[in-house]
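Now for the letters of each chain:
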Amino acid sequence: MHNELCEKLGIEFPIFAFSHCRDVVAAVTNAGGMGVLGALAFTPEQLELEITWIEDQVKGRPYGVDVVIPASHVGSGIEEVGDLMPKLQDMVPQDTLDWIDGVLDELGVAPLPEGAASDGEFDAGEGSGGMMGGGLLGWTTATSAPQVEVALRHDISLLVNALGPPPKEVVDSAHDHGVMVAALVGRADQAEKQVQQGVDIVVAQGTEAGGHTGEIATMVLVPEVVERVSPTPVLAAGGIGSGKQMAAAMALGAAGVWTGSIWLGVAESNTGPESMQRLFEASARDAVRSRSLTGKPARMLRNEWTMAWERDDCPGTLPMPLQFMATQKARARMARSRPELFAMPVGQIVGSMKQVRTTKQVVLEMVQEYIETVEKMSGGLTE
């Protein structure tokens with residue numbers, strides 16, 4: 001289990017944990033893996049505070065930061081958020097906004113009180129991941145660039161990007177700071193482009209994963225990517241939360257595993273008790289791909305809101321980042337009266353999540369089961 005990638009990054013186990021919760025990130029790093037903080041929902045100022053807190057907890061142990069710099073989105077090329085926001089807002093169709101209001105009324109979501117703002121930040125309620133607002137978050141180049149700058153001011157070990165190859169200048173800047181770069185892919189040809197861009201680690205994410213994900217299953221995707229980009233190390237992602245699954249991933253040629261959904265159910269997570277219970281009651285079939293959150297396919301728990309976007313009268317989702325902007329007022333209304341309708345990104349591993357464990361327990365149980373699985377398989381071999 002302790003391989004060359006572990007040596008390069010200074011970690012004990014090749015277990016990478018993505019989470020928007022700083023407590024989980026620090027706990028995984030302190031347990032011997034690598035915690036990676038999702039920066040998407042943080043302003044640069046908030047991100048500075050989160051990273052500083054993590055550094056105080058891990059005391060020099062390696063951790064990473066994950067950003068989202070889409071390869072393409074509406075408004076790409078506009079570098080100033082102040083210029084980008086009004087132009088994007090004008091692109092959101094009124095028909096879509098009217099349809100959304102009608103659906104919310106049908107679902108019994110109370111209107112916003114007179115004078116209540118639906119722009120900017122607001123408390124999204126328990127289980128939603130905290131502050132949800134702004135209309136853009138880190139979905140664009142203009143909003144993610146400041147997050148990268150903040151991350152590279154700190155002693156991070158890994159910078160990760162999703163939704164396309166990171167810009168060459170970002171990769172070069174990270175390398176200049178002595179930081180390795182990883183990127184998520186859903187196809188082998190995407191992996192090849194990432195390596196050409198200078199990425200050090202490729203995360204092959206199968207369709208089982210939570211959040212933005214493609215259509216190819218992990219079991220098929222990982223060996224395809226390994227073959228295409230070798231000797232660049234590959235992390236397997238999508239439906240991984242146990243030592244047996246980790247052993248399978250390593251057998252496919254992965255150098256480690258990238259995990260996410262499993263950390264929603266740990267004691268250190270900021271997932272609220274009601275949302276935690278919904279996770280524990282869900283089956284793998286309840287984690288569906290929907291464009292309702294961002295306009296790109298993302299796997300999340302099915303609910304009345306996600307199902308509404310599949311109706312015949314739905315005007316269709318909008319391209320990124322217009323979909324997120326169009327549903328901004330809806331999120332504000334949900335936060336006040338029906339927070340259970342919030343999109344809850346989670347992968348198909350949710351069907352195996354049944355009880356609260358500590359982060360350290362999850363890591364150590366994964367390691368122990370991995371060892372037992374490999375030993376059992378080796379013991380079954382004959383000359």
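Residues numbered from 1 in each chain as written. Predicted model: local features only at pLDDT ≥ 70, side-chain atom pairs only at ≥ 80, totals over all residues. Heavy atoms only, no water.

### Things to note about the nonpolar core
To be explicit about the condition: In this description, a nonpolar core means a group of buried Ala, Val, Leu, Ile, Met, Phe, Trp, Tyr and Cys residues linked to one another through side-chain atoms lying within 4.5 Å. Three exposure classes are used, based on accessible area relative to the maximum for each residue type with a 1.4 Å probe and protein chains only: buried under 20%, partly exposed in between, and exposed over 50%. By definition, residues are in contact when any of their heavy atoms lie within 4.5 Å.
Grouped together as the largest cluster of nonpolar side chains are 45 residues, with contacts concentrated most on Ile 15, Val 225 and Trp 263. Excluding anything up to four places from it in sequence, Val 225 contacts Val 185, Arg 187, Ala 188, Ala 191, Val 202, Ala 204 and Val 234. Core analysis: the next-biggest nonpolar cluster, separate from the first, contains 26 residues, Phe 42, Val 65, Val 148 and Leu 159 among them.

### Concerning the packing of helix 2 (residues 22-30) against helix 3 (residues 44-58)
For any two helices packed against each other, one specifies the inter-axial angle together with the distance between the axes. Rules: Think of each axis as a best-fit line through the C-alpha atoms, taken over the contacting stretch in the case of a helix, with angles from 0 to 180 degrees between the N-to-C directions. Numbering of helices and strands runs from the N terminus; a helix is a DSSP stretch of H or I covering at least four residues, while a strand is a stretch of E covering at least two. Working definition: roughly parallel below 35 degrees, roughly antiparallel above 145 degrees, roughly perpendicular at 65 to 115 degrees, and oblique for all remaining angles. The sense of a crossing depends on the near helix, which, turned anticlockwise from the far helix by less than a right angle, makes the crossing left-handed and, turned clockwise, makes it right-handed.
Contact pair helix 2 / helix 3: the axes reach a minimum separation of 9 Å and the direction vectors enclose 30 degrees. Looking at the two axes, helix 2 sits roughly parallel to helix 3. Of the two elements, helix 2 crosses helix 3, and the hand of that crossing is right-handed. Of helix 3, the residues touching helix 2 (which contributes Arg 22, Asp 23, Val 25, Ala 26, Thr 29 and Asn 30) are Leu 49, Glu 50, Trp 53, Ile 54, Gln 57 and Val 58.

### Observations regarding the sheet that holds strand 3 (residues 64-68)
Condition: When DSSP finds at least two bridges between two strands, those strands are taken to pair.
Judged by pairing direction, the barrel is parallel, and its eight strands sit side by side in the order 1-2-3-4-5-6-8-9 before closing back on the first. In this sheet, adjacent strand axes meet at a mean angle of 25 degrees when their direction is disregarded. Looking at chain direction, strand 5 (residues 180-185) and strand 6 (residues 201-205) are connected through four bridges and run parallel. When the sheet's bridge partners are listed, Leu 184 is paired in strand 6 with Val 203.

### Details of the pattern of salt bridges
Spelled out, the test is: Any carboxyl oxygen of Asp or Glu within 4 Å of a side-chain nitrogen of Lys or Arg constitutes a salt bridge here.
Within the structure shown, the criterion is met by 13 salt bridges. Between Asp 105 and Arg 333 there is a salt bridge whose closest N-O contact spans 2.9 Å. In this pair, Asp 105 is assigned in helix 5 (residues 94-106) and Arg 333 in helix 14 (residues 328-337), connecting sequence segments 228 residues apart. On the basis of relative accessible area, Asp 105 is assigned to the exposed category, the value being 51%. Judged by relative accessible area, which is 4%, Arg 333 ranks as buried. Linked by salt bridges that have partners in common, Asp 101, Asp 105 and Arg 333 make up one network.

### Focus on the sheet that holds strand 7 (residues 211-212)
Read from one edge to the other, the open sheet built from three strands follows the order 7-11-10, with strand pairing classed as antiparallel. What marks the edges here is a single partner per strand, and that holds for strand 7 and strand 10 (287-290). Sheet topology places strand 7 next to strand 11 (residues 298-301); two bridges connect them, and they run antiparallel. Note on strand 11: the bridge partner recorded for His 212 is Ala 298.

### A short note on the packing of helix 5 against helix 14
Applied cut-off: By the convention adopted, Pro, Cys, Tyr, Trp, Phe, Met, Ile, Leu, Val and Ala count as nonpolar, Lys, Arg, Asp and Glu as charged, and the other residues, Gly among them, as polar.
Two elements in contact, helix 5 and helix 14, have axes whose closest approach is 10 Å; the angle formed by their N-to-C orientations is 15 degrees. As summarised for this structure, helix 5 and helix 14 are arranged roughly parallel, according to the angle between their axes. Judged by the twist between their axes, the crossing of helix 5 over helix 14 is right-handed. Each of Ile 100, Asp 101, Leu 104 and Asp 105 in helix 5 lies in contact with helix 14, whose residues at this interface are Lys 329, Ala 330, Arg 333 and Met 334. Broken down by class, the residue content of the contact of helix 5 with helix 14 amounts to four nonpolar, no polar and four charged.

### Regarding the pairing of strand 1 (residues 15-19)
As a general feature of sheets, a regular strand has side chains that alternate between the two faces. Rules: Classification remark: right-handed applies to a crossover when, strands pointing away from the viewer, the course from the first strand over the helix to the second runs clockwise.
The buried count for strand 1 comes to four of five residues, which makes it a mostly enclosed element. Judged from the three bridges that link them, strand 1 and strand 9 (residues 256-259) form a sheet pairing that is parallel. Note that in strand 9 the partner of Ala 17 across the bridge is Thr 259. When strand 1 meets strand 2 (residues 34-38), the two strands line up parallel, connected through four bridges. Within the sheet, the bridge partner assigned to Ala 17 lies in strand 2 and is Gly 35. Handedness of the crossover joining strand 1 and strand 2 through helix 2 is recorded here as right-handed.

### Remarks on the packing of aromatic side chains
Defined as follows: Here the aromatic set is Phe, Tyr and Trp, taking the six-membered ring for Trp, and pairing holds for ring centres within 6.5 Å; pairs whose planes are under 30 degrees apart are stacked, those over 60 apart are edge-to-face, and all others are tilted.
As enumerated under the stated definition, the model contains three aromatic pairs in all. On the numbers, 5.6 Å between centres and 85 degrees between planes, the contact of Trp 305 with Trp 309 is edge-to-face. Judged by its relative accessible area of 5%, Trp 305 falls in the buried class. Three or more aromatic residues joined by ring pairs make a cluster, and in this case those are Trp 99, Trp 305 and Trp 309.

### Quick word on the confidence of the model for the protein
Predicted coordinates in areas of low pLDDT are best not read in detail. Which entries qualify depends on this criterion: pLDDT measures the predictor's confidence residue by residue and takes values from 0 up to 100.
For the protein, mean pLDDT is 90; residues scoring 70 or higher make up 89% of the total. Confidence drops under pLDDT 50 across residues 120-134; counting only partners more than four residues distant or on other chains, this segment forms 43 contacts.

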